[in-house]
Amino acid sequence: MSRKYTITLNEEQLMLVSSCVEDIHRFLCGDTELRNATSVLEKRNEARHRLEWVKPFVTPELKLGRDYDWAGNGCPDEAQRRMIAQTYYLYREMLHKYMLANNYKNVYSSPTLTCEDSGEPIKITWKE
């Protein structure tokens, strides 16, 4: 059994962490633009275009325009597939709990999908 940690974040920090984890997840799936990180750059479009050049190194077996799904299904690299599944669960569950806490209704309102490699559930609570 692994150790448990408690981290206290404010709303801005929670959104920042979830955005960073989402970028990692999407990057490993084959969407290499790092949209959340590049959104703050003045030359975001150029940065995103240049990041497309690494896609063949991240997902060499996929055709242009294709990505792995949320769980990494079809990814031949076991470590990459497992990290895809784990990072999806982390960022998606953070957004799901944030939406519940704020009574928002959108795509993140529904429960987070999980699979065998999603990892141990995380506990997120909020205070008014």
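Higher on the page you've got the structure.
Calculation criteria
Residues numbered from 1 in each chain as written. Predicted model: local features only at pLDDT ≥ 70, side-chain atom pairs only at ≥ 80, totals over all residues. Heavy atoms only, no water. Helix = DSSP H or I, 4+ residues; strand = E, 2+ residues; numbered from the N terminus. Buried < 20%, exposed > 50% of the residue type's maximum accessible area, 1.4 Å probe, protein only. Lys, Arg positive; Asp, Glu negative; His and termini not counted. Salt bridge = Lys/Arg side-chain N within 4 Å of Asp/Glu carboxyl O. Polar contact = N/O pair within 3.5 Å; in protein donor to acceptor, adjacent residues only side chain to side chain. Contact = heavy atoms within 4.5 Å. Expected span 1.5 Å × (residues − 1). Core = buried A, V, L, I, M, F, W, Y, C linked by side-chain atoms within 4.5 Å.

S.K.: Got a minute to help me understand the side chain of Arg48 in this structure?
M.R.: Structurally, the position occupied by Arg48 is in helix α3 (residues 44-51). No salt bridge is formed by the buried Arg48; its nearest oppositely charged neighbour, Glu33, is found at 4.9 Å. Here the side chain of Arg48 touches Thr38 through a polar contact of 2.8 Å, side chain to side chain. Aside from chain neighbours lying at most four places away, what touches Arg48 is Glu33, Arg35, Thr38 and Ser39.

S.K.: Explanation requested: unusual backbone geometry in the structure shown.
M.R.: For residues besides glycine, phi is generally negative; the peptide bonds are generally trans as well. Of note, the phi angle at Leu34 is positive, near 50°, even though the residue is not glycine. Take Leu34: it is sitting in the loop between α1 (11-29) and α2 (35-38). What makes Leu34 partly exposed here is its relative accessible area of 25%. Backbone geometry places Asn103, a non-glycine residue, at a positive phi of 60°. Looking at the secondary structure, you find Asn103 in the segment after α5 (78-101).

S.K.: Honestly, α5 in this entry has me stumped. Any pointers?
M.R.: At 3.6 residues per turn, the α-helix brings residues three or four places apart onto the same side. Here α5 spans 35 Å end to end across 24 residues, near enough to the 34 Å set by a 1.5 Å rise per residue. Looking at where α5 begins, the residue whose side-chain oxygen comes 3.0 Å from the main-chain nitrogen of Ala79 is Asp77.

S.K.: Which parts of the structure should I look at to understand the environment of Lys127?
M.R.: Positionally, Lys127 belongs in the segment after α5. The exposure class of Lys127 is exposed, given its relative accessible area of 82%. Placed 26 residues apart in sequence, Lys127 and Ala101 show a C-alpha to C-alpha distance of 8.8 Å.

S.K.: What should I look at first to understand the environment of Pro60 in this one?
M.R.: Within the secondary structure, Pro60 sits in the loop between α4 (55-58) and α5. In this structure Pro60 comes out as exposed when scored by relative accessible area, which is 57%. Considering only alpha carbons, one finds Pro60 and Glu42, 18 residues apart in sequence, at a separation of 30 Å.

S.K.: Help me out: how do you make sense of the nonpolar core in this one?
M.R.: If you look at soluble globular proteins, the nonpolar side chains tend to sit buried side by side. Membership of the largest hydrophobic core is limited to 10 residues, which are Leu14, Val21, Tyr88, Tyr91, Met94, Leu95, Tyr98, Met99, Tyr108 and Ile124. Put simply, the parts of the chain that give this core at least two residues each are α1 and α5. If one sorts the elements of this core by residue count, α5 sits on top with six residues. Residues in contact with Tyr98, not counting those within four places in the same chain, are Glu11, Leu14, Met15 and Tyr104. Leu28, Cys29, Cys75 and Ile84 belong to the second largest nonpolar core, which has five residues in total.

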